[in-house]
Structures are given as structure tokens and as C-alpha cells.
Amino acid sequence: MADATNNPPPPQDQQDAGPAGPSKSELKKRAKQEEKDRKAAEKAARQAELAQQQATAEVDFATENYGALPLNQSQSRPGRTRDQISTFSGRAGETVLFRARVHTSRAQGNKMCFLNLRQRTESVQGLLIVTPEKVSKQMVKWTASIAAESIVLVEGVIEKVQETIKSASVGDVEVHISKVHLISGIEGRLPFSVDDANRPDSDVQSADAQFNRVLLETRLNNRVIDLRTQTNQAIFRLQGAIGDLFRDHLSANGFLEIHSPKLQGAATESGASVFKVSYFKGSNQSSSSGDLYTLANYRMVIGSAFLAQSPQLAKQMAIAADFERVYEIGPVFRAEDSNTHRHLTEFMGLDLEMTIEEHYHEVMDMLDGLFLSIFRGLRQKYAKEIEVVGKQFPAEEFKWREGPEGTLKLTFKDAVDLLVADGVPREDLDDINTENEKRLGRIIKAKYDIDYYIIDKFPMALRPFYTMPDPEDPTLSNSYDFFMRGEEILSGAQRIHDPALLCEKMRSKGVDPDSMKPYVDAFRMGCAPHGGGGIGLERVLMLFLKLNNIRRASLFPRDPKRLEP
């Protein structure tokens, strides 16, 4: 092996040279990297700036002006007045606070939202626009997402509009919304829209229409939603008005309102159309308390009762108790398996009874005056509600006869003669059935141009046991029916106040007087001549507005096939 010390030293030029510098390619590579880093830094800076700007833009300055309110548990009562949409016309420039349902909503981009806000029969358009420091984009987006039929609390300024807003009942103004809070939302999906439920059949049946038809059965199964329509709001305001007008007229004429029991120990009319219900059972014990206690125990042994078909017995007993003139508004129960457009198993009865001084036509005239007062009151005070209903159920205006002639009054024989003249065989007219009732209504409408009339002197065989016979022809009775648009809306008569005659007629109708002893005893103690009538509230409403089905005039109708909702 050679000794390393013997190796020759490197050349002098190699000993004096320093470390080699970067090559040109290396310099280029470094320059590229520096440029890349610079651009990346600039991009990151720009992104950070944009992010900062976006973060600044997303700051929601309107959070206090919208959102869901806490559950109302009556935590406070600040006393702020709520406004009614019906008052908004003519209030341009005013700030209002009101609760309403969201009927419909429509967003336009992310800066504007239209709401149709509804209170019962009234509605107004609300407008929400992005406004610096007041209305944010987030507020508009949230408002546009509120489900139809939700309840909101809205604050805003009423502004006049250039063109009438046809989709709102208050169409000459709109509300520029500054605050909107959710009071109550909805869960799940609506069975149908209130708009569809409020639409006339003519619109649905139109050849080019693409609307959803809401059937009556569907409406009744989801009655709460159906009742929100402007039509139904108006219908039941009119129903309430009929009750008010009934009370007002009778109170002004010296009548006293009574409240009779709806549980009875015997059927009022006949056992075939009465609901029987279980009642308390007990032993028939004797008691030193007297006959009244014994009678109570007797009823308990029976163990059953009946739902009142009418307040007939109580009304007459009140007359025997010298109440002179009485009326009642209350439920009536009929166990009739009648699945027609005009029958219910439970309806509201408007009943009255009054003493007679000379003739039962005193009662008939009182009833006639009552109806005329109701008709006039509806037309004069509730024209707007009638108009609202007419939009969905167009009908010829209900007509009655005014002036010295007064209401048209026919005898049963007159009515039969009119039907015979129109081609109905006389042998088919021992009673006037529903079909011939309507036919008679058309005849009278064509001849007299009226929808309201009275038929007097019905055959005795067609009336209940308590009806007074005609003094000259015992086959006829001192009884009458009132009609609207060819359908009966009241049945009434002079009642039998003589106990002997009453018992005779009860037996002839198959009713044992002993089964209704307290009722018969009322007349044995002396009773003034009297008469009255019973009116079906829902039927009057249905026929006045021509709703075509009585279920539309009942809040939650009961018929042989419906016990809920």
C-alpha cells in the first residue's frame, strides 16, 4: 500500500479556488419559487380580506326584529295595543302592531318578501325589504320560510298603494314591515290550503283551471282548517247574528229567556226518533220525604233517560207557571237516520212559547214579525258578510214581501191546490213531502217572486199530540209551518191546554198520559191558552245564504254518520 504522504499536492490554482456559486438554472428556479410565494401571499391576503368583508357583511344587525317568540305563558303584560286589519284603510303613515295568520308568502330574490296576512274575514299585504340597520337579508330569508297558517306578530307602517291589491280584502294600503315574530307555527303538512277551501266551485270547474277541489267530507274531517276560510268566518258571524236578532226581538216584546234540561224521563214527540241514554239505577225505596222523593226513586229504577227532541214540554210548563212569554236557544236531538242535505241529529233550536188572548194567529203574527226582523237585520247590519259568502256560494238575493200585503199566507188546502194545478196528483198530497215542498217553493217564487211564506191549517193527522184541533173541522189543526226557498224552517201551533183533551189526543197517538204525568199535571192545575214554534238555526242560515247543505251551517255537524270532530 502506498503511503498517503507520498501523494503529490494539488495544483496551486486548485488550492486557491473558493466554493462554486449557483448555476443559472438554479437561479431561475429560485426566482420562480420566489414569484410563486409572492403570488400565494398576495392571494392569501386577498382571501383574508374577502373573508373579513364577508364576515362583516354577514353580521345580522336585525336579530331583535324577527324570530320565534318564547312560549306565551303569560310572563308579562306590557299593555301594547293590537290593531285590526279592518281599520287599516285611511291610516297611511301610521305604525301598527297586529297579530295575524300568514295566508301566503312570496320571496322576490333575497332582498324582498311579500306576505298576505289574514285576520278572520280581513287580509292585508305586508312587504319586507332589506333596509340598512333595520331589515337584514337574514330577516327576509327567515320571513319567507314561515309556513302558511302560522301565527305572527307584525309591526310596520301602513303605506298607500298606487293600484288596488286584489288578493287582499283591504286593498288600498299595504304594511311595510319592520318587525315580525312567530307566535305559533304549524307541525306537519296542511290537508289543504285555505285558498283552495275558499275558492268557488265555478273556478275549480273552469276548463283551464288547475286548482285543487276540496270536497265537503275532507272539509268536515279537517274542520278547524276549513273554518279559517273567509267564507266560514262570515257564515258563523251570520249564525251568531241570527241568535242575537232572535233574542233582541223577543226581549223587546216581553219574552223571558229560559234554559230547559236536555235529559228527560220521556220522549217529547215519539219514541222512534229519540236518543235513549243510560241513567242512574237504584232501588225503589219508600221515604218519609214525600211523593217527590218517591217519584225520583221511580225514575232511578228505570235506569234510562232521553235526550230532548225539543224544549216543548218545558216551554208549556213554563206557561202553566205564568211566565207568559218564553224563548230558548239550545241543542235539539233527533235520532232520525236521515242522511239528507237538511237533516242533523243535533242542531240548535230557537224556540218560543207565549200565551194567547184570543186567537192562535197572535202567535203566528209574532213569529212572522220575528222572521222579518231577522231578515232585515241581516241585510242592514251584515251586508259585508253576506257579500263574502256570496263570492263562494253565489245565490239570488233572498226575498220576502214587505208593505201592507205582508207575508204571503196560504192554507194547507191552498198549497195542495197550487201543486195539483202544477200537475201533482191530488192523491199524493195527503202530506207534502220534501220534493213537493221544493216544487211549491218554485211555484210561489214564479208567481209572487218571494222566498218566504207561511202555510196554515195542517191536517191534524200530521201534527203531534199536543196540537189544538181546528174548532170547525176536527181533521184540521191550528198549526202552521214557515218556509224559506221551498223548505220548512219552523213548525208551530196552538197547544192543547185542557188536560182532558190532551189525554185524549195522547192516547190517540199511542202515548200513555201516565208516562208523562208531570207534564199533564201542569195543565190540571190550570193553564192559559198558548202556542209557539220551533226554528232550526242551521236551516235558516243555510237557506238564507243558499249554502245547499246544512253541514256548512253547523260548526261541527252531527249526523247519522258523523260524531267527530
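This text goes with the structure placed above it.
This is a predicted model, so every value here is computed, not measured.

Draft legend 1. How the structure looks around the sheet that holds strand β17 (residues 530-536). Spatial ordering of the open sheet is given by β7-β11-β12-β17-β16-β15-β14-β13, a layout of eight strands whose pairing is mixed. Looking at the sheet topology across the chains shown, the edges are occupied by β7 (256-257) and β13 (408-411). As defined by bridge partners, strand β14 (residues 452-456) adjoins strand β15 (residues 479-484) across five bridges and the pair is classed as antiparallel. Bridging across to β15, Y453 finds its partner in F483. Along the sheet, helix α13 (residues 412-421) makes contact with β13 and β14, crossing β13 at roughly 90 degrees.

Draft legend 2. Summary view of the packing of α13 against helix α14 (residues 434-448). For the pair α13 and α14, the least separation of the axes is 10 Å and the interaxial angle reads 85 degrees. Compared by their axis directions, α13 and α14 come out roughly perpendicular. Residues A415, L418 and L419 of α13 lie in contact with α14, whose contacting residues are N436, R439, L440, I443, I444 and K447. Here the contact of α13 with α14 is built from residues that sort into six nonpolar, one polar and two charged.

Draft legend 3. Highlighting unusual backbone geometry. Residue P565 is bonded to the preceding E564 through a cis peptide linkage, with omega at 0 degrees. Along the polypeptide, P565 turns up in the segment after α17 (537-545). Look at S74: it is not a glycine, yet its phi comes out positive at around 60 degrees. On the secondary structure map, S74 appears in the loop between β1 (66-68) and β2 (95-108).

Draft legend 4. Local environment of the sheet that holds strand β10 (residues 304-307). Strands sit in the order β8-β10-β9 across an open sheet of three strands; the sheet is antiparallel. Only two strands of the sheet have a single partner each, and these edge strands are β8 (263-264) and β9 (276-278). Note that β9 and β10 share three bridges and pair antiparallel. Directly across from V277, in β10, lies its bridge partner A305.

Draft legend 5. Structural context of the nonpolar core. Residues Y452 and F482 are the most contacted members of the largest nonpolar core, which totals 55 residues. Ranked by residues supplied to this core, first place goes to helix α11 (residues 361-381) with ten residues. Here F482 is in contact with M364, L367, D368, F371, Y452, Y453, I454, E487, E488, I489 and L490, once residues within four sequence places are set aside. If you look at the next biggest cluster of nonpolar residues, it comprises 26 residues, including I85, A100, V135 and V140.

Draft legend 6. Broad picture of the side chain of Q392. Among the secondary structure elements, Q392 is positioned in helix α12 (residues 383-392). Within polar-contact distance, the side chain of Q392 engages the side chain of T231 at 2.6 Å.

Draft legend 7. Examining empty space enclosed by the protein more closely. What the rule picks out here adds up to one cavity of 30 Å³ or more. If you add up the space inside the largest cavity, you get close to 80 Å³. Of all the secondary structure elements, the ones that give two or more residues to the lining of the largest cavity are α6 (216-221), α7 (223-226) and α8 (230-252). By residue number, the principal contributor to the lining of the largest cavity is α8, which donates three residues. Residues of the lining of the largest cavity, tallied by class, amount to four nonpolar, four polar and four charged.

Draft legend 8. Representation of the pairing of strand β11 (residues 325-333) in the model. Counting buried positions over the nine residues of β11 gives seven, a clear majority of the element. In this structure, β7 lies alongside β11, joined through two bridges in parallel fashion. When the bridges of β11 are listed, L256 appears paired with V326. Pairing analysis gives nine bridges linking β11 to strand β12 (residues 346-355), with the strands arranged antiparallel. Bridging from a neighbouring strand, V326 pairs with E353 of β12.

Draft legend 9. Region of the structure containing the environment of A68. Examined against the element boundaries, A68 turns out to sit in strand β1. Along the sequence, A68 and H181 sit 113 residues apart, while their C-alpha atoms lie 5.5 Å from each other. In this view, A68 contacts W142 and L182; residues no more than four positions away in its chain are not counted.

Draft legend 10. How the structure looks around α14. End to end, α14 covers 21 Å across 15 residues, agreeing with the expected 21 Å (1.5 Å per residue, within 8%). Regarding α14, the residues found buried are N436, E437, L440, G441, I443, I444 and K445. Those residues of α14 that are buried are in contact with β13, α13, β14, β15 and β16 (487-494).

Draft legend 11. Representation of the packing of helix α10 (residues 312-320) against helix α16 (residues 517-524) within the structure. Taken N-terminus to C-terminus, the directions of α10 and α16 make an angle of 25 degrees; their axes are 9 Å apart at the nearest point. Taken together, the axes of α10 and α16 are roughly parallel relative to one another. Classified by chirality, the crossing of α16 by α10 is left-handed. Two secondary-structure elements touch here, α10 through L313, Q316, M317 and A320 and α16 through P518, Y519, A522 and F523. Here the contact of α10 with α16 is built from residues that sort into seven nonpolar, one polar and no charged.

The rules behind the values
- Residues numbered from 1 in each chain as written.
- Predicted model: local features only at pLDDT ≥ 70, side-chain atom pairs only at ≥ 80, totals over all residues.
- Heavy atoms only, no water.
- Pairing = 2+ DSSP bridges.
- Helix = DSSP H or I, 4+ residues; strand = E, 2+ residues; numbered from the N terminus.
- Contact = heavy atoms within 4.5 Å.
- Axes fitted to C-alpha atoms, helices over the stretch in contact; angles between N-to-C directions.
- Parallel < 35°, antiparallel > 145°, perpendicular 65-115°, else oblique.
- Nonpolar A, V, L, I, M, F, W, Y, C, P; charged D, E, K, R; others polar.
- Core = buried A, V, L, I, M, F, W, Y, C linked by side-chain atoms within 4.5 Å.
- Buried < 20%, exposed > 50% of the residue type's maximum accessible area, 1.4 Å probe, protein only.
- Polar contact = N/O pair within 3.5 Å; in protein donor to acceptor, adjacent residues only side chain to side chain.
- 1 Å grid on protein atoms, 1.4 Å probe; cavity = no way out; pocket = protein on both sides within 12 Å on 5 of 7 lines; lining within 4 Å.
- Points joined across faces, edges and corners; volume = space filled by probe spheres on them.
- Expected span 1.5 Å × (residues − 1).
- Left-handed = near helix turned anticlockwise from the far one by under 90°.

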